[in-house]
Amino acid sequence: SGAILYGKKINDKHYPASITKLLTALVALENADPDDEVYFSEDSVSFLEYGDASIGMRPGEILSMNDALYGMLLASANEVSYAIAESVGKKMGGGFETFIQKMNERCEELGCTGSHWTNANGLHDENHYTCCYDMALIARAAYQNETFRIIVGTARYTIPPTNKHAEQ
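Residue numbering note: each chain is counted from 1, following its sequence as written. Totals for whole chains, interfaces and linings use every residue, but because this is a predicted model, local features are given only for residues with pLDDT of at least 70 and side-chain atom pairs only at 80 or more, for both listing and counting. Note that the side-chain values use all heavy atoms of the structure and ignore hydrogens as well as water.

Caption draft 1: Layout of the pattern of salt bridges. In the sections that follow, a salt bridge refers to a side-chain nitrogen of Lys or Arg positioned within 4 Å of a carboxyl oxygen of Asp or Glu. Within this structure, the stated rule accounts for 4 salt bridges. The closest approach of N and O atoms between K91 and D36, which form a salt bridge, is 2.6 Å. With K91 in helix α4 (residues 78–91) and D36 in the loop between α1 (20–31) and β1 (37–39), this residue pair connects regions lying 55 residues apart in the sequence. In this structure, E109 engages R106 in a salt bridge whose closest nitrogen and oxygen atoms are separated by 3.4 Å. Separated by 3 residues within a single helix, E109 and R106 lie in helix α5 (residues 96–110), roughly one turn from each other. Exposure is judged per residue with a 1.4 Å probe applied to protein chains only, and the accessible area is read against the type maximum: over 50% gives exposed, under 20% gives buried, and values in between give partly exposed. On the basis of relative accessible area, E109 is assigned to the exposed category, the value being 51%. In this description a helix means any DSSP run of H or I spanning at least four residues, a strand means any run of E spanning at least two, and both kinds are numbered starting from the N terminus.

Caption draft 2: Seen up close, the packing of aromatic side chains. The aromatic pairing rule takes the rings of Phe, Tyr and Trp, using the six-membered ring of Trp, and pairs them if the centres are within 6.5 Å, calling planes under 30 degrees apart stacked, those over 60 edge-to-face and the rest tilted. Within this structure, the stated rule accounts for 4 aromatic pairs. Ring geometry for Y70 against Y157: centres 3.7 Å apart, planes inclined by 5 degrees, an arrangement best described as stacked. With a gap of 87 residues between them, Y70 in helix α3 (residues 65–75) and Y157 in the segment after α7 (146–152) connect regions that are remote in the sequence. The class for Y157 is partly exposed, based on a relative accessible area of 30%. Here the aromatic cluster, defined as three or more aromatic residues joined through ring pairs, consists of F47, Y82 and F96. Between K13 and the ring centre of Y129, over which it is positioned, the NZ or CZ distance is 4.7 Å. By definition, being over a ring means that NZ of Lys or CZ of Arg is both within 6 Å of the ring centre and within 35 degrees of the ring normal.

Caption draft 3: Quick peek at α5. By this rule the span expected of a helix is its residue count minus one, scaled by 1.5 Å. Compared with the 21 Å implied by 1.5 Å per residue over 15 residues, the 21 Å span of α5 between its first and last C-alpha is a close match. Restricting attention to buried positions, one finds in α5 the residues F96, F99, I100, M103, N104, R106 and C107. Down the axis of α5, the sector holding all buried residues measures 160 degrees, keeping them to one side. In α5, the exposed positions angled more than 90 degrees off the buried face are occupied by E97, E108 and E109. Note on contacts: a residue pair qualifies if any of its non-hydrogen atoms lie within 4.5 Å across the two residues. If you follow the buried residues of α5, they end up packed against α1, α4 and α6 (132–143). Positioned one or two residues after α5, G111 has a phi angle of 95 degrees, which is positive. Working note: the arc is built from the helix axis to C-beta atom directions.

Caption draft 4: Broad picture of the environment of S46. As for its placement among the helices and strands, S46 is situated in helix α2 (residues 42–46). The exposure class assigned to S46 is partly exposed, which follows from its relative accessible area of 45%. Taking C-alpha positions, S46 is 23 Å from D36, a pair spaced 10 residues apart along the chain.

Caption draft 5: Quick peek at the layout of surface pockets. In this structure, the largest pocket encloses a volume near 180 Å³. A pocket, in this scheme, is an open set of points on a 1 Å grid over the protein atoms alone with protein on both sides within 12 Å along at least 5 of 7 lines, while a cavity is a set where a 1.4 Å probe fits but cannot get out; residues line either one if an atom lies within 4 Å of a point. Lining the largest pocket we find G2, A3, I4, Y6, I10, C132, Y133, A136, L137 and R140. When grouped by side-chain class, the residues that make up the lining of the largest pocket number 8 nonpolar, 1 polar and 1 charged. Grid points are joined across faces, edges and corners, and a volume is the space filled by probe spheres set on the points. Polarity classes work like this: nonpolar for Ala, Val, Leu, Ile, Met, Phe, Trp, Tyr, Cys and Pro, charged for Asp, Glu, Lys and Arg, and polar for all others, with Gly in that last group.

Caption draft 6: Quick peek at the side chain of S44. Along the chain, S44 falls in helix α2. Taking the relative accessible area as the measure of exposure, S44 reaches 0% and is therefore buried. Two N or O atoms form a polar contact when they lie within 3.5 Å of each other; inside protein one atom must be a possible hydrogen donor and the other a possible acceptor, and for residues adjacent in sequence the pair counts only when both atoms belong to side chains. In terms of polar contacts, S44 uses its side chain to reach the backbone carbonyl oxygen of S41, at 2.8 Å.

Caption draft 7: Quick peek at α1. In a regular helix each residue adds 1.5 Å, so 12 residues correspond to 16 Å; α1 covers 17 Å between its end C-alpha atoms and thus fits that length. Summarising burial for α1: 10 of the 12 residues are buried, a large majority. Buried within α1 are the following residues: T20, K21, L22, L23, T24, A25, L26, V27, A28 and L29.

As structure tokens, this is what we get:
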């Protein structure tokens, strides 16, 4: 129903880390098709630092949007989040920044007032933040999407061989 049953400091600003990927998935699901290609550019892989969540994608590699969403949501893969944003942004007539702009616009459409997004994966940035109330609005919208519910309800998923990896 969207009713608040309990709220304490629900509008305090926080850095969302990987829960950013809920909004990334929502925007991708609303603006792409499951069979669309997600291309891994040098930019989508080169920013990773030791210890960042990743599934080992390489520049030039291609996944379907469906496989990419599983990689992002189940493994919290940061390079996949970036590649999804870049690929969907291109489909929307721009690039990575176009996707980030759409994330901010979608938040406003949902009624969010305490969020600002600068990336698709949640790696720390002082200007990348949200609040509990806004995340509840985002999560509610994401869970209304059947494909999202199927993906996050999956315990195990195997990504098939790609143009750069011969094995699953």
